[in-house]
Protein chains: 2
Amino acid sequence: MNSYTEENYLKAIYKLVEQDGEAVSTNAIAEKMNTKAASVTDMLKKLSDKKFINYQKYQGVTLTAKGEKTALIIIRKHRLWEMFLVEKLNFKWDEVHDVAEQLEHINSDKLIEQIDKFLNFPKTDPHGDPIPDANGKLLTPKSKPLSAFNVSDNCLMMGVVDHSPSFLQYLDKMNITLGNEIKIKDIVEFDKSLQIIVNKKQTFFISNDVAKNILVKTK
Amino acid sequence: MNSYTEENYLKAIYKLVEQDGEAVSTNAIAEKMNTKAASVTDMLKKLSDKKFINYQKYQGVTLTAKGEKTALIIIRKHRLWEMFLVEKLNFKWDEVHDVAEQLEHINSDKLIEQIDKFLNFPKTDPHGDPIPDANGKLLTPKSKPLSAFNVSDNCLMMGVVDHSPSFLQYLDKMNITLGNEIKIKDIVEFDKSLQIIVNKKQTFFISNDVAKNILVKTK
DNA sequence: AAATAAATTTAGATTAGTCTAAAAATAATT
DNA sequence: AATTATTTTTAGACTAATCTAAATTTATTT
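Since the model is a prediction, treat every value here as computed from it, not as a measurement.

Reading the values: rules and limits
- Residues numbered from 1 in each chain as written.
- Chains lettered and ligands numbered in written order.
- Predicted model: local features only at pLDDT ≥ 70, side-chain atom pairs only at ≥ 80, totals over all residues.
- Heavy atoms only, no water.
- Least-squares fit on C-alpha atoms with pLDDT ≥ 70 in both.
- Contact = heavy atoms within 4.5 Å.
- Near = heavy atom within 4 Å.
- Polar contact = N/O pair within 3.5 Å; in protein donor to acceptor, adjacent residues only side chain to side chain.
- Helix = DSSP H or I, 4+ residues; strand = E, 2+ residues; numbered from the N terminus.
- Nonpolar A, V, L, I, M, F, W, Y, C, P; charged D, E, K, R; others polar.
- Domains from an automatic or database assignment.
- Axes fitted to C-alpha atoms, helices over the stretch in contact; angles between N-to-C directions.
- Parallel < 35°, antiparallel > 145°, perpendicular 65-115°, else oblique.
- Pairing = 2+ DSSP bridges.
- Phe/Tyr/Trp six-rings, centres within 6.5 Å; stacked < 30°, edge-to-face > 60°.
- Buried < 20%, exposed > 50% of the residue type's maximum accessible area, 1.4 Å probe, protein only.
- Lys NZ or Arg CZ within 6 Å of the ring centre and 35° of its normal.

Undergrad: Teacher, can you tell me more about the relation of the copies chain B and chain A here?
TA: Mapping between the two chain copies consists of a rotation about an axis together with a translation along that axis. Laying chain B over chain A is done by rotating through 180° and shifting 0.0 Å along the axis; what remains is an RMSD of 0.1 Å. The transformation just described matches what one would write down for a two-fold rotation axis. The C-alpha atom lying nearest the rotation axis in chain B is that of L103 of chain B; the distance is 3.9 Å. Same-surface contact between copies: 100% of interface residues of chain B are shared with the interface of chain A.

Printed below as a string of structure tokens:
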């Protein structure tokens, strides 16, 4: 089996590759893992020996098929546990991350498949992120940032980019949650802030920075 | 916080003290932890420094109040997770141990209290073992081995001594489960085997060894 | 294209937990 | 009580993951 630490490196590398779309640097991994570049280099050698990553000295890394599958299965567990915490144990969407970071490393196929079944096979986690299947296959839902839409577009809230508790709490306060309808009433020329109508009821302004972090699709 | 390994040592020491009722030896711990005596000595020093155990070289160990509370909170988590697996995720009582060994180390007060609530505050785990409360207090249910009773005594199945999958599967096959009524019809003079009537329906023989491992109380 | 800056890797230590082999302490036996 | 056996501890070494500091490679600037 792989160690807790190896799993966390694979997950970090997966997310960086997903984000940047290219080979990721030692420093980028070090920052994400809150560790030093020298430690990362040591681990990269190990992950490379185990065929989880493609690694050439000084050239950055990408995941092999084996590494990507392993990363996606950890992400599957993380997201299923988040869903469980919110749906069954009264956690808020801004409280689940740290616990799921621990639970994702529990090793039991039966456990995770039963959790999946218990939740009735959810497609996304509480933040709208897609849940990979048991083989590590991911169906990415088609969504774009709200900031990419225009005046009078009518959208459906699909997820978030920033997952920080403070951002999620802000969305709660504004009543912006998964599945809500968001219609763009106006876009301010000066700062690109948006006036939006949520669920045909509340009308208010959000900054363009906020809009960039809200994922929606056209309704 | 305490490491995964420290927690496992504390749990092992708790169980050995509970079983033997006196200071436990380095070798006994080594055997229970599947490790070597030299490794145990190292860990005992560390646990002693942290005030979890009373330890004098060559004299064996007992738990301090702090150590016992810590052990009981780990046992609380283990037993609540076992109950969750059986009650909510279709695990059998002989399948839960290994997964619960992992889950017991998850660190989140909210998580474990919500699991407790979700299960409607169970008093015992799937094997009839009592679940300590959130402060590490344990109410031991009064039960004795079936082998301590006499002909025509009518008992209620309360738990098991041996927790091995093979023993639990045997009990399943014989339809002996928690809460069943067990009446002693006869005790064979020769080998002390027992003829029992389960739930007023099935009558059959069990060995004295088996009877020693079934915990009951008088109905 | 040479010099400088930035990123990355190597070298050598450190910590937690483990091990083997040897030494020391306790227990059992004659 | 002396000897032998058993248990426990110490000494020194190993692995995984980390670190700092120095060396090396790659990238950027002049």
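Undergrad: Help me understand the protein's contact with DNA strand D, please; the structure alone is not making it clear to me.
TA: Inspection of the region around DNA strand D gives 22 residues, with S3, T35, S39 and K46 of chain A together with Y55 of chain B positioned closest. In DNA strand D, the atoms that sit within 4 Å of the protein are 78% sugar and phosphate, with bases accounting for the remainder. Here a phosphate oxygen of DNA strand D and a backbone polar atom of N27 of chain B are 2.9 Å apart. Secondary-structure elements contributing two or more residues to the surface near DNA strand D are α1 (4-20) and α3 (37-49) of chain A together with α2 (26-32) and α3 (37-49) of chain B. Per-element tally for the surface near DNA strand D: the top contributor is α3 of chain A, with five residues. Class assignment for the residues of the surface near DNA strand D results in eight nonpolar, nine polar and five charged.

Undergrad: How do you make sense of the domain arrangement of chain A when you look at a structure like this?
TA: Size of an interface, as often reported, equals the accessible area lost when the parts are brought together. Assigned domains of chain A: these are domain 1 (4-63) and domain 2 (144-218). Summarising the inter-unit geometry, the C-alpha centres of domain 1 of chain A and domain 2 of chain A are found 34 Å apart.

Undergrad: I keep staring at the packing of helix α1 (residues 4-20) of chain B against helix α4 (residues 65-88) of chain B and nothing clicks. Help me out?
TA: How two helices pack is summed up by the angle between their axes together with the distance between the axes. Residue and element names in this part refer to chain B. One way to put it is that α1 packs onto α4 with a least axis distance of 9 Å and a crossing angle of 100°. Judged on the interaxial angle alone, α4 and α1 are roughly perpendicular. Mapping the contact onto sequence places E7, L10, K11, Y14 and K15 in α1 and E68, T70, A71, L72, I74 and I75 in α4. Here the residues of the contact of α1 with α4 sort into six nonpolar, one polar and four charged.

Undergrad: Is there a simple way to think about the sheet that holds strand β6 (residues 194-198) of chain A in this case?
TA: Within a sheet, neighbouring strands are paired by backbone hydrogen bonds and run either parallel or antiparallel to one another. All names here are of chain A. A sheet is described by the order of its strands in space; here six strands give the open sequence β3-β8-β4-β5-β6-β7, paired in antiparallel fashion. Here the strands that pair on one side only, and so sit at the sheet edges, are β3 (144-145) and β7 (202-206). Two strands pair when backbone bridges link them, and strand β4 (residues 154-160) and strand β5 (residues 181-187) are joined in this way by three bridges, in the antiparallel orientation. Paired with C155 across the strands is I182, a residue of β5. Sheet strands in contact with helix α7 (residues 165-173) are β4, β7 and β8 (214-218), and its direction is about 150° off that of β4.

Undergrad: It is not clear to me how the packing of aromatic side chains should be interpreted in this structure. Could you clarify?
TA: To describe a pair of aromatic rings, one takes the distance between the centres and the angle between the planes. The full count for this structure, using the stated rule, is seven aromatic pairs over all chains. Ring geometry for W81 of chain A versus F84 of chain A: centroids 5.6 Å apart, planes at 85°, classification edge-to-face. Here W81 of chain A pairs with F84 of chain A, and both are found in helix α4 (residues 65-88), just three residues apart, close to one helical turn. The same class applies to W81 of chain A as to F84 of chain A, namely buried. Taken together, the ring pairs connect W81, F84 and F118 of chain A together with W81, F84 and F118 of chain B into an aromatic cluster. Just above the ring of F91 of chain B sits the side chain of K110 of chain A; from NZ or CZ to the centre is 4.8 Å. In this arrangement the basic side chain of K66 of chain B is found over the ring face of F52 of chain B, its NZ or CZ atom lying 4.5 Å from the centre.

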